[in-house]
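Coordinate inspection notes
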Amino acid sequence: MTPVGGMPEIHPTVFAELDAAKNHFELFGLPTSFTVDTNRLAERYRALSTQARADTALATASPAQLDEAYRTLLDPLARARYLLRLHGRELGRGRGNAGLLVEQLELREQLQEVSNRTRTALAVSSVLTDLAEQSAVLAKELRTLFEDPSTDNLELAHDLVHQLEFIALCRRDAEQRRDALQRRG
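All residue numbers refer to position in the chain's written sequence, counted from 1. At least 70 in pLDDT is required for a residue's local features to be given in this predicted model, at least 80 for side-chain atom pairs to be given and counted, and no such filter applies to totals for whole chains, interfaces and linings, which use all residues. Only hydrogens and water are set aside; all other atoms, that is, all heavy atoms of the structure, feed into the side-chain values.

Quick look at the overall build of the protein chain now. Labels follow the DSSP assignment, with helices taken as runs of H or I lasting at least four residues and strands as runs of E lasting at least two, numbered in each case from the N terminus. On a plain count of helices and strands, the protein chain comes out with 8 helices and 0 strands. The helix and strand sequence of the protein chain, counted from the amino end, reads α-α-α-α-α-α-α-α. Residue burial in the protein chain is summarised as follows: out of 185 residues, 35% are buried. Within the protein chain, contacts between residues at least 6 apart in sequence are counted, and of these 68% link residues at least 24 apart. Partly exposed describes any residue whose relative accessible area lies between the buried limit of under 20% and the exposed limit of over 50%, with all areas from a 1.4 Å probe on protein chains only and scaled to the type maximum. Contacts were defined at the residue level, with two residues in contact if any of their heavy atoms lie within 4.5 Å.

Now the structure itself:
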């Protein structure tokens, strides 16, 4: 069918297929940036999820695609990994960094020492605070690096993502220790 104006009518499912091919940022109508307006992200997620459930023919993506995109953009570490992939950088092994290795060993030792202290809950809380502060510093650095995604900056971002991954691992370990302490009461 050709409507007035001579352009052929495009079936809505064609738009759905095109939209599903968008990157996560485009899907939610957000700029491709490490900094994400989480309120806007949540609003767009709710609207698109409602649309996907109400009319699958007009949906911009499947509910599973929306969920995955939302979780990725909401989490700074997952967002950084995704940005690296968008810039053609797969997250492989980081460059050998002796300072980072020493820092990782110190964090591991600090977590081990937590178990040996009499005031363990306070020590775990202190470790979690330190890890949150380190994550915030790295996130700020990543924000700056992704604003200018030059080859050098992407290489540095790659290394920072490795650091964030290690901090996230230590954080999970410390949270498990905290939870175990709370259960023991």
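Grouped together as the largest cluster of nonpolar side chains are 44 residues, with contacts concentrated most on F28, L66, L142 and F146. Those elements that provide at least two residues to this core are α2 (24–27), α3 (38–54), α4 (63–74), α5 (76–86), α6 (98–116), α7 (120–147) and α8 (151–184). What we call a nonpolar core is a set of buried Ala, Val, Leu, Ile, Met, Phe, Trp, Tyr and Cys residues that are connected through their side-chain atoms within 4.5 Å.

As a further point, take α5. Three or more residues of α5 are buried, namely L77, A78, R79, A80, Y82, L83 and L84. Here the buried face of α5 lies against α2, α4, α7 and α8. Following α5 by one or two positions, G88 adopts a phi angle in the positive range, close to 80°.

Aromatic pairs are defined between Phe, Tyr and Trp rings, using the six-membered ring for Trp, whenever the two ring centres lie within 6.5 Å; interplanar angles under 30 degrees are classed as stacked, those over 60 as edge-to-face, and all others as tilted. Per the counting criterion, the structure on display carries 3 aromatic pairs. Ring plane angle 20° and centroid distance 4.2 Å describe the contact between Y45 and Y70, whose orientation is recorded as stacked. Of this pair, Y45 sits in helix α3 while Y70 sits in helix α4, and the two are 25 residues apart along the sequence. Here the basic side chain of R79 rests over the ring of F34, its NZ or CZ set 5.1 Å away from the ring centre. To sit over a ring, a charge needs its Lys NZ or Arg CZ within 6 Å of the ring centre and within 35 degrees of the ring normal.

Here we come to the packing of α4 against α5. Axis angles are defined between N-to-C directions and span 0 to 180 degrees, where every axis is a line fitted to C-alpha atoms and, for a helix, only to the segment in contact. For the pair α4 and α5, the least separation of the axes is 5 Å and the interaxial angle reads 105°. Judged by the inter-axis angle, α4 sits roughly perpendicular to α5. Across the interface between the two elements, T72, L73 and L74 of α4 pack against P76, A78, R79 and Y82 of α5. When an angle is under 35 degrees it counts as roughly parallel; over 145 it counts as roughly antiparallel; between 65 and 115 it counts as roughly perpendicular; any other value is oblique.

This next bit is on the confidence of the model for the protein chain. Known as pLDDT, the predictor's per-residue confidence is scaled from 0 to 100. The predicted model of the protein chain has a mean per-residue pLDDT of 80, with 78% of residues at 70 or higher. When mean pLDDT is compared element by element in the protein chain, α5 scores highest at 95, while helix α1 (residues 12–20) scores lowest at 35. Per-residue pLDDT stays below 50 along residues 1–20; that stretch engages in 17 contacts with residues further than four places along the chain or on separate chains.

As a further point, take α4. Taking 1.5 Å per residue as the helical rise, α4 with its 12 residues ought to reach 16 Å, and the 16 Å between its terminal C-alpha atoms agrees with that figure. Along α4, the residues that are buried comprise L66, A69, Y70, T72 and L73. One face of α4 carries all of its buried residues, which in axial projection span an arc of 165°. Among the structural elements, α2, α3 and α5 are those in contact with the buried residues of α4. Multiplying 1.5 Å by the residue count of a helix minus one yields the expected span of that helix. Arc, as used here, means the arc of the directions from the helix axis to the C-beta atoms.

Here we come to the packing of α3 against α4. Relative placement of two packed helices is described by the angle separating their axes and the distance separating the axes. Put simply, α3 and α4 touch, their axes get as near as 10 Å, and they point 175° apart. Taken as axis vectors, α3 and α4 run roughly antiparallel relative to one another. Packed against α3, whose contacting residues are T38, L41, A42, Y45, L48, S49 and A52, the element α4 presents P63, L66, D67, Y70, L73 and L74 at the interface. Ten residue types, Ala, Val, Leu, Ile, Met, Phe, Trp, Tyr, Cys and Pro, are classed as nonpolar, four, Asp, Glu, Lys and Arg, as charged, and the remainder, Gly among them, as polar. Residue classes in the contact of α3 with α4 are distributed as 10 nonpolar, 2 polar and 1 charged.

Turning to the environment of D67, a few remarks are in order. Within the secondary structure, D67 sits in helix α4. Along the chain, D67 and S49 lie 18 residues apart, while their C-alpha atoms are 8.5 Å from each other.

Here the focus is the environment of K140. In this structure, K140 sits in helix α7. Using a relative accessible area of 56% as the deciding quantity, one classes K140 as exposed. Sequence separation of K140 and T35 is 105 residues, and the distance between their C-alpha atoms is 9.3 Å.

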